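The primary structure of each chain is shown beneath.
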Amino acid sequence: MDAAGVTRREATPAEARRASRYWWDSDADEYQATHGGFLGEVDLVWCPEGLREADARLLGDVSGKRVIEVGCGAASGSRWLARAGADAVGVDLSAGMLRHARAAADRTSVPVPLVLADAAALPFPAGTFDVAFTAFGAVPFVADSGRVMREVARVLRPGGRWVFSITHPMRWIFLDDPGEGGLVAVHSYFDRRPYVEHDANGTPTYVEQHRTLGDRIRELVAAGFVLRDLVEPEWPDGHERIWGQWSPLRGRLFPGTAIFVTELDAQPEESARRGAFPAH
């Protein structure tokens, strides 16, 4: 292989982890320069459609709650929660993104603890947190996302809430084109091979995983979560910002983001006895 490129192929967990760390460390400055103004320094924006936690309240009342942001990036969401009265901590694999998180904490005088760690191996005891969340962090980039679900379940208390946003799985059938070229289905929805960017040596430099809606729900149920809501934010009137594949043209036709609102089953044994489906 003698040229950098893009493909759909399997990537090992180690390849995906190395690629994520490399990409976000390398891209941190450009990412924040491009998107930091939209995301805010003390705010929780769930998606490119602009849905804000201040309006949606998907996490519920966080005052006095212990909260973990999994894949926090620059941690604007953690700072917003801290200002709302939560005891928040941000976790990310990228030292480059955490550098921006520390700088923003200094600028805003809203410090939150920051931890450099893998979402698939959270360095906290069981039952530490009341709430876990991420806005496009961690979940799409880990090869074994089911393990992330299990780790979040482990560090949550029974009844704890886990809310995460990802690219809507149906978007994977289209090209990453915000224009008319992105309105034509060209890929199989059921092709779960990740999107991989690689260098001239074939080494992955960016890896993003695809799962169907059913896959995500099965991961959640297997980890002990109960799905409370699945939010598909509509494109708001007057919102003209283009962010990669997200655009007014596409956003007004089909969803670009899926937000899973779940709670850790407070009575898992009783749920197991009832079974996953009603008896006939």
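Remember, it's a predicted structure, so these values are computed and weren't measured experimentally.

Caption draft 1: Representation of the pattern of salt bridges within the structure. Scanning the entire structure with this criterion turns up 18 salt bridges. The shortest N-O distance in the salt bridge between Asp43 and Arg52 comes to 3.0 Å. For Asp43, a relative accessible area of 11% gives the class buried. Since its relative accessible area comes to 30%, Arg52 is described here as partly exposed. In this structure, a network of salt bridges that share partners links the residues Asp43, Arg52 and Asp55.

Caption draft 2: Looking closely at unusual backbone geometry. With a phi angle near 65°, Phe136 is a residue other than glycine that sits in the positive phi range. Mapped onto the secondary structure, Phe136 falls in the loop between strand S5 (129-135) and helix H5 (145-155). With phi around 65°, Ala138 is a residue other than glycine that occupies positive phi space. Residue placement: Ala138 occurs in the loop between S5 and H5.

Caption draft 3: Representation of the side chain of Glu69 in the model. Relative to the assigned elements, Glu69 resides in strand S2 (residues 66-70). In this structure Glu69 is buried but unpaired, with Arg79 as the nearest side chain of opposite charge at 7.4 Å. A polar contact is formed between the side chain of Glu69 and the side chain of Ser78, at a distance of 2.6 Å. For Glu69, the contacting residues outside a window of four places in its chain are Ala75, Gly77, Ser78, Val89, Gly90, Val91 and Phe133.

Caption draft 4: View of the sheet that holds strand S10 (residues 257-264). Spatial strand order, S4-S3-S2-S5-S6-S10-S9: seven strands in an open sheet with mixed pairing. Of all strands in the sheet, those with a lone pairing partner are strand S4 (114-116) and strand S9 (225-231), marking the two edges. Taken pair by pair, the neighbouring strands of this sheet meet at an average axis angle of 20°, ignoring direction. Of the strand pairs in this sheet, S5 and strand S6 (residues 156-167) are connected by six bridges, and their pairing is parallel. In the strand pairing of S6, Phe129 is matched with Leu156. Each of S2, strand S3 (87-92) and S5 is contacted by helix H3 (residues 76-83), which is oriented at about 175° to S3, the strand it contacts most.

Caption draft 5: Just a nonpolar patch on the surface, in detail. A cluster of nonpolar side chains, contributed by Leu175, Val184 and Val186, occupies part of the molecular surface with about 240 Å² of accessible area. Note that Val184 resides in the loop between S6 and strand S7 (195-198).

Caption draft 6: Quick peek at H5. Summarising burial for H5: eight of the eleven residues are buried, a large majority. Those residues of H5 lying buried are Ser145, Gly146, Val148, Met149, Glu151, Val152, Ala153 and Val155.

Caption draft 7: A look at the nonpolar core. Within the largest apolar cluster, 29 residues are counted, with the highest numbers of intra-cluster contacts made by Ile68, Phe124, Val152, Leu156, Trp162, Phe164 and Phe225. Sorting the residues of this core by element identifies S2, S3, S5, H5, S6, helix H6 (213-223) and S10 as the ones contributing at least two each. At five residues, H5 tops the list of elements feeding residues into this core. Once you skip the residues sitting within four places of it in the chain, Val152 turns out to touch Val70, Leu122, Ala132, Trp162 and Phe225. By size, the runner-up hydrophobic cluster in this structure holds 19 residues, among which are Leu44, Ala86, Val131 and Val261.

Caption draft 8: Quick peek at the confidence of the model for the chain. Scored by pLDDT, the chain has a mean of 94; 95% of the residues are at 70 or more. The low-confidence segment residues 273-280, where pLDDT is below 50, has zero contacts with residues more than four positions distant or belonging to other chains.

What counts as what
Residues numbered from 1 in each chain as written. Predicted model: local features only at pLDDT ≥ 70, side-chain atom pairs only at ≥ 80, totals over all residues. Heavy atoms only, no water. Salt bridge = Lys/Arg side-chain N within 4 Å of Asp/Glu carboxyl O. Buried < 20%, exposed > 50% of the residue type's maximum accessible area, 1.4 Å probe, protein only. Helix = DSSP H or I, 4+ residues; strand = E, 2+ residues; numbered from the N terminus. Lys, Arg positive; Asp, Glu negative; His and termini not counted. Polar contact = N/O pair within 3.5 Å; in protein donor to acceptor, adjacent residues only side chain to side chain. Contact = heavy atoms within 4.5 Å. Pairing = 2+ DSSP bridges. Axes fitted to C-alpha atoms, helices over the stretch in contact; angles between N-to-C directions. Patch = residues over 30% accessible without salt bridge, like charges linked within 9 Å, V, L, I, M, F, W, Y side chains within 5 Å. Areas by Shrake-Rupley, 256 points an atom, 1.4 Å probe, with all protein chains shown as cover. Core = buried A, V, L, I, M, F, W, Y, C linked by side-chain atoms within 4.5 Å. pLDDT = per-residue confidence, 0-100.

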